[in-house]
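Understanding the architecture of this molecule
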Amino acid sequence: MLARIAGLFERYGVIVAFLVLLVWNAVFAESAADFRRPENLRNILNQNAATGIVAVGMTLVIVAGGIDLAVGSVMALCGAVALVVANALALRGFGETSCVIAGLFAGLATGIACGTVNGLLVTLGRLPAFIATLGGLVGYRSITLALADAGEIRAAKTDLLGAIGRGGIPVIPSTWMESGRTLTFTWNIILFFVVAIVGQVLLSRTRYGRHLVAVGGNETAARYSAVAVDRVRLIAFVLVGLCSAIAGLMQTARMASVSSSQLGLQMELDAIAAVVIGGTSMAGGKGRIWGTVLGLLILAIINNMLVMSAVSSHWHGAVKGMIIVLAVLIQRSRRA
């Protein structure tokens with residue numbers, strides 16, 4: 001009986017934690033009325049959509065027994081490259097649409113390239129993922145600082161970027177925000193859910209997903225089962241690079257600029273926290289995208305609660321750190 005309860009808690013504990021936290025903030029907390037406002041709930045999703053997309057890619061890498069510490073720096077580099085390309089074309093007289101499309105493709109290609117480099121260092125270079133991506137964290141950020149001269153890169157043309165970064169689809173036409181505009185689901189939120197669904201299908205419904213689990217669970221057994229271990233890991237790093245690029249471009253579109261020192265800063269901490277809270281094992285071989293999504297929402301709600309309670313932002317990192325440690329301790333107790 002106890003084993004069955006423990007199994008249910010292991011599988012559905014993150015759902016219970018999310019529901020308890022949601023009900024507490026929506027009903028019993030002092031700021032419940034403010035929390036329940038549709039605008040606030042929309043903002044929680046919108047502000048954390050980029051983190052969620054990175055966390056989806058991070059889940060795949062961690063399931064395969066790796067980790068990627070370079071995601072935040074890759075975000076910044078992809079955004080910087082996108083704006084450099086778009087601005088260069090704008091100076092040559094190209095239309096805004098052509099400039100934005102070229103910039104987006106350049107940013108995505110940069111993310112894929114960074115993920116490929118990280119993956120090759122791990123698979124061919126035989127470096128531990130921690131070391132390889134730690135080098136990327138420093139190196140990619142340095143390249144971004146060089147491109148921006150340690151400052152900020154601003155878009156030469158902002159109309160289309162603004163429509164992409166801040167536009168969306170009306171959700172409840174009769175609901176109005178305090179600003180007087182109709183409440184909308186931004187393209188960022190929609191893209192986050194699309195990436196999460198694709199990631200869940202990839203991990204749980206495809207042969208590649210089964211290979212990821214096999215590689216992370218027991219690399220030796222996977223090799224004996226004719227699984228191309230290096231290729232599986234390489235693809236995982238390419239995918240997290242792509243996810244980082246998407247997230248970086250989302251943030252770039254929202255602000256129509258890139259801060260070379262701030263964009264994506266500590267994103268790896270937030271992404272790993274969401275993954276671990278969602279039930280993915282840091283040892284590899286076990287994970288779920290839907291759990292990562294709930295882990296992200298738990299973090300987002302806690303952060304929102306801290307802001308509404310006027311807790312100093314200096315303490316937010318401490319709270320995230322404690323949550324990560326607690327989640328890993330729970331995982332270790334389950335394995336024991």
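Above this note sits the structure.
Everything numeric here is computed off the predicted structure, so don't read it as measured data. (Residues numbered from 1 in each chain as written. Predicted model: local features only at pLDDT ≥ 70, side-chain atom pairs only at ≥ 80, totals over all residues. Heavy atoms only, no water.)

What about the overall build of the chain?
In plain terms, the rule: Helix numbers and strand numbers start at the N terminus; a helix is a DSSP run of H or I with at least 4 residues, a strand a run of E with at least 2. Within these notes, the globule rule equals 2.2 Å times the number of residues to the 0.38 power, and the radius of gyration is based on C-alpha atoms. Contact definition: two residues touch when any of their heavy atoms are within 4.5 Å.
The helix and strand tally for the chain stands at 14 helices and four strands. For 336 residues, the compact-globule estimate of 2.2 N^0.38 gives 20 Å, and the C-alpha radius of gyration of the chain, at 20 Å, lies within 12% of that figure. Seen along its three principal axes, the alpha-carbon backbone of the chain occupies a region of about 65 × 55 × 35 Å. Residue pairs in contact within the chain that sit at least 24 positions apart in sequence constitute 75% of those at least 6 positions apart.

As for a nonpolar patch on the surface
Here is the rule we go by: Residues enter a patch when their relative accessible area is above 30% and they make no salt bridge; the linking distance is 9 Å between like charges and 5 Å between nonpolar side chains (Val, Leu, Ile, Met, Phe, Trp, Tyr). Exposure was quantified through the Shrake-Rupley algorithm and a 1.4 Å probe, taking into account, for residues, occlusion by the shown protein chains and nothing else. What makes a salt bridge here is a side-chain nitrogen of Lys or Arg within 4 Å of a carboxyl oxygen of Asp or Glu, nothing more.
Among the surface-exposed residues, V117, L121, L127, F130, I131 and L134 lie close enough to one another that they form a single nonpolar patch of about 480 Å² accessible area. The element that contributes the greatest number of residues to the nonpolar patch is helix α6 (residues 129-147), accounting for three residues. In this structure, F130 sits in helix α6.

Structural notes on the state of the cysteines
As a reminder, the rule being used: Defined by distance alone, a disulfide is two cysteine sulfur atoms within 2.5 Å.
In this structure the tally under the stated criterion is zero disulfides. We note that C99 lacks a disulfide partner, and the nearest cysteine sulfur, in C78, lies 19 Å from it. Not engaged in a disulfide, the cysteine C243 finds its nearest cysteine sulfur in C78; these two sulfurs lie 11 Å apart.

Focus on the nonpolar core
Convention followed: Each nonpolar core is a collection of buried residues, namely Ala, Val, Leu, Ile, Met, Phe, Trp, Tyr and Cys, held together in the definition by side-chain atoms within 4.5 Å. A simple rule labels every residue: compare its accessible area, found with a 1.4 Å probe on the protein chains alone, to the largest value its type can have, and call it buried under 20%, exposed over 50%, or partly exposed in between.
Within the largest apolar cluster, 79 residues are counted, with the highest numbers of intra-cluster contacts made by I53, V54, M58, F192, L212 and I298. Within the second largest apolar cluster, nine residues are counted, among which are V74, L77, C114 and A245.

So, unusual backbone geometry
Residues other than glycine predominantly adopt negative phi, and peptide bonds predominantly adopt the trans conformation. Backbone geometry places A150, a non-glycine residue, at a positive phi of 65 degrees. Secondary-structure assignment places A150 in the loop between α6 and β1 (152-154). Non-glycine residue A256 carries a positive phi angle of around 55 degrees. Within the secondary structure layout, A256 lies in the loop between α11 (229-255) and β4 (257-259).

Describing the environment of V311
Inspection of the secondary structure puts V311 in the loop between α13 (289-308) and α14 (316-335). The contact partners of V311, leaving out residues within four places of it in the chain, are L306 and H316.

Some words on the pattern of salt bridges
This structure, assessed with the given rule, holds six salt bridges. In this structure, R154 engages E152 in a salt bridge whose closest nitrogen and oxygen atoms are separated by 2.9 Å. With a relative accessible area of 58%, R154 lands in the exposed category. Residues R223 and D230 are paired through a salt bridge, measuring 3.6 Å at the closest nitrogen-oxygen approach.

Comments concerning the side chain of N40
The line we're drawing: Pairs of N or O atoms within 3.5 Å make up the polar contacts considered here, provided that, within protein, one atom can donate a hydrogen while the other can accept it, and that residues adjacent in sequence are counted only when both atoms are side-chain atoms.
Secondary-structure assignment places N40 in helix α3 (residues 38-63). Separated by 3.1 Å, the side chains of N40 and N304 make a polar contact. Among residues more than four places away in sequence, those in contact with N40 are D34, F35, N304 and M308.

Notes on helix α7 (residues 159-166)
The cut-off we apply is this: What the arc covers is the set of directions going from the helix axis to the C-beta atoms.
Along α7, the positions that sit buried rather than exposed are L161, G162 and G165. Across the axial projection of α7, the buried residues extend over an arc of 100 degrees, all falling on one side. Of the surrounding elements, those touching the buried residues of α7 are α4 (71-91), α5 (96-123), α8 (187-205) and α11.

With respect to the environment of L121
Residue position: L121 is located in helix α5. The residues contacting L121, other than those within four sequence positions of it, are R126, L127 and A132.

Focus on the packing of α3 against α8
Rule in force here: To obtain each axis, a line is fitted to C-alpha atoms, and for helices this fit is confined to the stretch in contact; angles are then taken between N-to-C directions over 0 to 180 degrees. An angle below 35 degrees is read as roughly parallel, one above 145 as roughly antiparallel, one from 65 to 115 as roughly perpendicular, and any other as oblique. In this scheme the crossing of two helices becomes right-handed for a clockwise turn of the near helix relative to the far one and left-handed for an anticlockwise turn of less than a right angle. Residue polarity is assigned by list, with Asp, Glu, Lys and Arg as charged and Ala, Val, Leu, Ile, Met, Phe, Trp, Tyr, Cys and Pro as nonpolar; anything else, Gly included, falls into the polar class.
Taken N-terminus to C-terminus, the directions of α3 and α8 make an angle of 25 degrees; their axes are 8 Å apart at the nearest point. Our classification of the angle between α3 and α8 gives roughly parallel. Crossing geometry of α3 relative to α8 is assigned as left-handed. Across the interface between the two elements, R42, L45, N46, A49, G52, I53, V56, L60 and V63 from α3 touch N188, I189, L191, F192, F193, V195, A196, G199, L202 and L203 from α8. Residue composition of the contact of α3 with α8, grouped by class: 14 nonpolar, four polar and one charged.

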